[in-house]
Structure formats: C-alpha cells, structure tokens
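Architecture and fold: a report
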Amino acid sequence: MTPRTSEGRSGGLTAAQGTAMYVGAVLGTGVIALPALAAEVAGPASLVAWLALIVISVPLAATFAALGARYPDAGGVSTYARLAFGKRAATVVGWCFFLAVPPGAAAAALFGGAYVASAFGGGRTTVAVTAVGLMVAVTLANTAGVRVSGRLQFVLAGLLAVLLLVSVALALPHARAGNLEPFAPHGWAAIGPAAALLVWCIAGWEAITHLAGEFRRPERDLPRSAGAAVVVVGVLYLSVAFAVVAVLGAAAGGSEAPLADLMALGMGDGARWFAAAAALMLTAGAMNVYYAGAAKLGAAMGRDGSLPRVLARGSVSGEVPRRGLVAVAVPALAALLTVVALDVGARPLVLLATGSFVTVYAIGVAAAIRLLPRGSRGRMAALVSLGAVLLLLVMSGPYLLWPLVVTGAALLYLRLSGGRRRGDAVGGEGRLVGVPEATEVRGPG
C-alpha cells in the first residue's frame, strides 16, 4: 500500500485539474518573455537550449510525481527531505521554496503587467496596478480553497493552450528560413548562458507535490497529471520559441513582448489585446499554483516546527491554509512594491527565485534516490535527474547566493527556536515523528 503522511480526508482534485495545475506552474510566465531573451543570447541556437530543458523535464517530472504519489503530504519536498535526511534538511529545503515564491510571484506579476501596458499604454503605472491586481485576485481565489482554484486553473490552462497554439499557427506563415541563419551567431558556447536563463521556465515540477494530498487518488492521478503536463508544456514551449525565432528573426532579441508581436503579425495590431489577455492568464495560472503550494507548505512547516506554529492550521487535506497564504501574499506584495519604487525591474526578483528552485530540485532528487523503492520507475527517473540537476546547479552559478543565505537563516531559526516539537525528527526506520501511527511512513529499506 502506498505510504501516506497526510492526515484527514482525501482531496478533490482530478487528474485533469492536476494537469492544469502543472501546466500553470511550469509554463508560467517564461513563455511570454524568455524566448526573446534566449534568442538575444544565442540566436536560433537557443532552440537547442529549449529542447534540452524539455528533455530534462521528463525525469524531473517523473521523480516528483513518484514522490508525491507515495508520500502525499502538504510539506512536499520538505517532507521528503525530512524522511530522507532529517529535520535540518527539511527546514532548509522548505525555507528555500517558501522564500522563493514571493520574489518569483512579484516577477511574474510584473511580466503580466508589462503586456497589459504594451496593449493599453500607461507605462510603469499600468504595470504596477496590473501586478497588484493579479496578486489580490490570486490571493482571493486561494482563500476559497484548492478545489475552487483547481477549477479556475483548468479553465485558464485550456484557454491558454488554445490561444498560444492559434497565435503560433497564424504567425508561422510569416516564418522565413533566412531567420534561422546563421544558426549560432554568437557561437555554440552561447547555448549554455541561454539555458541558464531558461531554468526559470522549468521550475514548477516540484510545486504540485505540496498539493498531492488534495488529489482524489494521488497514487494514480499525480503521475498521469505529470505525464500529460510534460507533453503539453513541451509542445507549447517549443512551438512559441520556434515561432519567435523563425518569424521575428533578429528583431526577436529586442522585443519586450514577443508573443504580442507574433499575434500582431497574424491578426493585426488589435491582437495585442489578446496577447495581454494571454499574459494575464499565464501569470494568474502560475501565481495561483505557487500561492496554493507555498501556503500548504507553510502550514506543514508550522506543524513540523520548521516555522512558527501559528501557521500550522491548514496542513490537513481539504483545509484552507489561510495563515500560510497571508505569509506568502504579504511578502510578495512587499517585494513588488520595493522593485517598483526602486525602478529596477523584475531581473533581481528572477535571480532570487531561480537559484532557490534549483536547490529545491537538488535536495528533492537526492531524497527520491533514498526513499523510492529500488528498481522502481520513480527511482530510475531520480537517478537520471541527478545528472540533470547537477548541470542546472552549474548553470545557476551566482544565482545560488540567495539559497545560501536562506540556508543560514533556516539553520539559525532552528537553533534559536530550540527544543523538539511535533515532527521535529525522523525515527530510526524512516518514521516521521508527529505523524499518527495509522499514517506512519517508512522508507524503502
């Protein structure tokens, strides 16, 4: 029988809603901004970086889906780290994810706001007002619970997929073979820096693990959702990236709204309104998933002693972690207002979030190798993912400074909080202390 760490009743997310949540988390805002940035760095050769990251996504998605199906707990990667390596590792990975969401959400909101400003004008004011509006809307959606946000995500993902595919189809007649030459204008070595930019685009395969307990049948629905999402995300990313390079050519690198430029070629300048709508859907979808996952994580960490106990309410499947949601939404709004006031744009926020997500991947994959049964598909996927994650760590470079700071803060919190509270340790045979005997979890050995 599949081990379970979640207490309480099962959730209500279906496989289709789970796929939509995955698509929202991984597709995110990268598709509306990063194809142009990657093309600026590596030219048409950036398509190689896109393809490589999609390939890397396959074992990563399989690894975290296997962990979520076997251990469907609101703590997600933090729970897996606790089971595999103990309290300190769990706290570090939990803090890395939890503190990556506010800057990441603020950056996403700014990307969405930029598209609205490109369609309606208003400059920085439009960007800021739109970004704040997105944060408020996503926060309110999550106060209603993950079942409601899951339905919303399903609608958003469907509309988004249709809109992106239609945009690409209408723009492709304007593609020119000459735009693919020279294929590597900045040399083949430029593929590495382009791939480093695109790491932002594949963060998200770990986010749904925090919602694993909300699925009706995690052991069945989570792997199905992950598999379907890999296909959907791969097709959409590669389609848009190819269209940006083949249609826009050298102009792609200087575009702040490449999707809007594609749609304008296919349908006229009025299509920029549709591009703004697509950007808003992408942004709302990504923020929705990360707010939901981080709020659940905050509640689980409060339950386990890695964050203040005041956040613990909402860790049980079916409950709404409103305190955890506030702990995510308020810092996200503060990060947004800070960069708007300083007029430094989204780049610093992206740098803060990217390194943290790669760190979460590294610890999560290591935990999967230790926890998943030998010979299982999930463990084989984790072994393959290990090499991919090491490559991502190398590409992240200075982006790892922020998770290093967060690690120090997490360990300092544990030292100052003192004592052992509920869930503070892992028993000698893989048992998570603080989880009732009926839901005891054991490792593969």
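This report concerns the structure included in the present document. (Residues numbered from 1 in each chain as written. Predicted model: local features only at pLDDT ≥ 70, side-chain atom pairs only at ≥ 80, totals over all residues. Heavy atoms only, no water.)

1. Points about the overall build of the protein
For clarity, the threshold we go by: Helix and strand assignments follow DSSP, with helices taken as H or I runs no shorter than four residues and strands as E runs no shorter than two, numbered in order from the N terminus. Think of it in three bands: with a 1.4 Å probe and only protein chains considered, a residue is buried below 20% of the maximum accessible area for its type, exposed above 50%, and partly exposed in between. Only heavy atoms enter the contact rule, under which two residues are in contact if any of them lie within 4.5 Å. Using the Shrake-Rupley algorithm and a 1.4 Å probe, accessible areas are obtained, with residue cover drawn only from the displayed protein chains.
Looking only at helices and strands, the protein features 15 helices and 0 strands. Here the protein holds 445 residues, and the buried ones make up 59% of them. Within the protein, counting contacts between residues at least 6 apart in sequence, those at least 24 apart form 82% of the total. Surface accessibility of the protein: about 16600 Å² in total, with carbon and sulfur atoms responsible for 67%.

2. A word on the packing of aromatic side chains
To be explicit about the condition: By convention, a stacked pair of Phe, Tyr or Trp rings (six-membered ring in the case of Trp) has centres within 6.5 Å and planes under 30 degrees apart, an edge-to-face pair has planes over 60 apart, and any other such pair is tilted.
For the structure shown, the criterion picks out 7 aromatic pairs. Centre to centre, the rings of Trp50 and Tyr237 are 4.9 Å apart; their planes meet at 40°, and the pair counts as tilted. With Trp50 in helix α3 (residues 46–70) and Tyr237 in helix α9 (residues 218–248), this residue pair connects regions lying 187 residues apart in the sequence. Here Trp50 matches Tyr237 in class, with each residue buried. Between Phe97 and Phe357, the ring centres sit 6.0 Å apart and the planes meet at 65°, which makes this aromatic pair edge-to-face. Residue Phe97 is found in helix α5 (residues 87–120), and its partner Phe357 is found in helix α13 (residues 347–371); the two are separated by 260 residues along the sequence. Across this residue pair, the class does not change: Phe97 and Phe357 are buried.

3. Things to note about empty space enclosed by the protein
Definition in use: Note on definitions: the grid is 1 Å and covers protein atoms alone; a cavity is a set of points where a 1.4 Å probe fits but cannot get out; a pocket is an open set with protein on both sides within 12 Å along at least five of seven lines; lining residues have an atom within 4 Å of a point. Grid points are joined across faces, edges and corners, and a volume is the space filled by probe spheres set on the points. Three classes are used: nonpolar for Ala, Val, Leu, Ile, Met, Phe, Trp, Tyr, Cys and Pro, charged for Asp, Glu, Lys and Arg, and polar for all others, with Gly counted as polar.
With the rule as written, the count across this model stands at 4 cavities of 30 Å³ or more. The calculated volume of the largest cavity comes to roughly 200 Å³. Every residue lining the largest cavity is counted, 18 residues in all, and those nearest its centre are Ala25, Gly104, Trp200, Ala286 and Tyr290. Elements supplying a minimum of two residues to the lining of the largest cavity: α1 (15–27), α5, α8 (191–202) and α11 (272–304). When residues of the lining of the largest cavity are assigned to their parent elements, the largest contribution, 4 residues, is made by α5. The residue inventory of the lining of the largest cavity, partitioned by class, reads 14 nonpolar, 4 polar and no charged.

4. Observations regarding helix α12 (residues 322–342)
Stated precisely, the cut-off is as follows: Multiplying one less than the number of residues by 1.5 Å gives the expected span of a helix. Think of the arc as the fan of directions from the helix axis to the C-beta atoms.
If you check α12, its first and last C-alpha atoms are 30 Å apart, about what 21 residues at 1.5 Å a residue would give, namely 30 Å. Looking at α12, one finds that the buried residues are Gly324, Leu325, Val328, Ala329, Ala332, Ala335, Leu336 and Val339. Seen along its axis, α12 keeps its buried residues to an arc of 130°; they face one direction. What points out from α12, more than 90 degrees from its buried face, is the exposed set Val330, Ala341 and Leu342. Following α12 by one or two positions, Asp343 adopts a phi angle in the positive range, close to 55°.

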